[in-house]
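# Understanding the architecture of this molecule
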Amino acid sequence: MGSQSIRDRITQFVWWLISISLFIGIWELTFSMGLYSAKFLPPPHIFLGDLPNQLQHFDFSKANPGEVAARSHFHAVAKTISATVIRVIVGLSLGFVLGVLTGSVIRYFRWFGKLILPTVTLLAPISPFAWLPVAVYLFGTGNKPAIFLVFLAVYFIITLATIAEIDAVKQTYLNVARIMGATHLQRYLHVILPAVLPGLFNILRLNLFAAWMVVLIAESAGSDSGLGALVMLARNTGATNLVMIGMVVIGIVGFTFDQVLRHVQKRVLYWVPEIQASLQK
């Protein structure tokens, strides 16, 4: 089982390398054919070659360029990345927990559902981008508006998904729990919640990249830190190399974030047979 898992991982990694190499190869080939200018779309060998000169721009706290030499560029990169990651983690966590809680309360307290569900259904289709002026007006700049927008990107979807997942729980399971004398709370904690969490985690992962885009927009509009602010700085100064470097970092961090969430999903949902099997590989 272990050797098979290693072979699968190696195969997956090889295909990953082939895919990325093919993409970069096409990019470099089209540039060498003169189809576009490096001023507007620099290929990897140009913007990656300029990486040492661009790392200084990750430091938003410097008062003048001379200070950069006195501090580590990699510390500045880590600080910029961590600012964005923390906002995503806090926003996702709040949106997921409160969404599950709201959906559960709506389904189990009918009067609350009749009072709240129409408003939730009305607000759910509104794009988080439309909330940006509201977020800046309410919270100003910095962490709060970015966290608020990530929260909105997840909260309404998780709320409605929780209601749908609860409605889909087989009545047989609930009947067995009643026969065994389980209370209302016990049925929810030991029957309903384990039944709905796998679907909700999948929905959370599917909305991860949407939340990632939302936080970058929020940072570019009203923040002096984070990857979104970095890309906006590069755009405003016409630094195309820095734009491309920022995009690469965003892609790598987003991919890593998704892998971490997949691992969390496997660990939390230990009772799901398919996930248990994947952990044994």
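These notes cover the structure that comes with them. (Residues numbered from 1 in each chain as written. Predicted model: local features only at pLDDT ≥ 70, side-chain atom pairs only at ≥ 80, totals over all residues. Heavy atoms only, no water.)

### Thoughts on the side chain of threonine 84
- Residue position: threonine 84 is located in helix H4 (residues 73–108).
- In contact with threonine 84, other than residues within four places in its own chain, are Trp212, Val215, Leu216, Glu219, Gly226 and Leu227. (Helix = DSSP H or I, 4+ residues; strand = E, 2+ residues; numbered from the N terminus. Contact = heavy atoms within 4.5 Å.)

### Focus on the packing of helix H7 (residues 143–168) against helix H9 (residues 184–206)
- Where H7 meets H9, the closest approach of the two axes is 9 Å, and the angle between their N-to-C directions is 140 degrees. With respect to H9, the element H7 is oriented oblique. The crossing of H7 and H9 is right-handed. Each of Val154, Ile157, Ile158, Ala161, Thr162, Glu165 and Ile166 in H7 lies in contact with H9, whose residues at this interface are Ile192, Ala195, Val196, Gly199, Leu200, Ile203 and Leu204.
- Considered class by class, the residues forming the contact of H7 with H9 number 11 nonpolar, two polar and one charged. (Axes fitted to C-alpha atoms, helices over the stretch in contact; angles between N-to-C directions. Parallel < 35°, antiparallel > 145°, perpendicular 65-115°, else oblique. Left-handed = near helix turned anticlockwise from the far one by under 90°. Nonpolar A, V, L, I, M, F, W, Y, C, P; charged D, E, K, R; others polar.)

### Considerations on the packing of aromatic side chains
- The final tally for this structure, using the stated rule, is 13 aromatic pairs.
- Geometrically, the ring pair formed by phenylalanine 13 and tryptophan 16 is stacked, given 6.3 Å between the ring centres and 10 degrees between the ring planes. Taken together, the positions of phenylalanine 13 and tryptophan 16, both in helix H1 (residues 2–32) and three residues apart, correspond to about one turn of that helix.
- Taking 6.3 Å as the distance between ring centres and 80 degrees as the angle between the ring planes, the aromatic pair formed by tryptophan 131 and phenylalanine 148 counts as edge-to-face. Here tryptophan 131, found in the loop between helix H5 (110–123) and helix H6 (132–139), pairs with phenylalanine 148, found in helix H7; they are 17 residues apart in sequence, far enough to count as distant.
- A relative accessible area of 18% means that phenylalanine 148 is categorised as buried. (Phe/Tyr/Trp six-rings, centres within 6.5 Å; stacked < 30°, edge-to-face > 60°. Buried < 20%, exposed > 50% of the residue type's maximum accessible area, 1.4 Å probe, protein only.)

### Observations concerning the pattern of salt bridges
- Tallied over the entire structure, the rule returns three salt bridges.
- In this structure, aspartate 258 and arginine 205 form a salt bridge, with 3.2 Å as the shortest nitrogen-oxygen distance. Within this pair, whereas aspartate 258 is found in helix H12 (residues 240–268), its partner arginine 205 is found in helix H9, the two being separated by 53 residues in sequence.
- Taking the relative accessible area as the measure of exposure, aspartate 258 reaches 8% and is therefore buried. (Salt bridge = Lys/Arg side-chain N within 4 Å of Asp/Glu carboxyl O.)

### Observations regarding the nonpolar core
- Counting residues in each nonpolar core, the largest one holds 60 residues, and the members touching the most others are Phe58, Leu92, Phe96, Leu149 and Trp212.
- Those elements that place two or more of their residues in this core are H4, H6, H7, helix H8 (171–179), H9, helix H10 (208–222), helix H11 (227–237) and H12.
- Excluding residues that lie within four positions of it along the chain, phenylalanine 96 makes contacts with Val154, Ile158, Leu197, Leu200, Phe201 and Leu204. (Core = buried A, V, L, I, M, F, W, Y, C linked by side-chain atoms within 4.5 Å.)

### Description of the packing of H6 against H7
- The N-to-C vectors of H6 and H7 enclose an angle of 140 degrees; their axes lie 9 Å apart at closest approach. As the angle between them shows, H6 and H7 are arranged oblique. The hand of the H6/H7 crossing is right-handed. Within the contact between the two elements, H6 uses Leu132, Ala135, Val136 and Phe139 and H7 uses Lys144, Pro145, Phe148 and Leu149.
- Here the residues of the contact of H6 with H7 are counted per class, giving seven nonpolar, no polar and one charged.

### What about the side chain of asparagine 241?
- One can find asparagine 241 in helix H12.
- If sequence neighbours within four positions are ignored, asparagine 241 has contacts with Pro42, Ile46, Phe47, Asp50 and Gln54.

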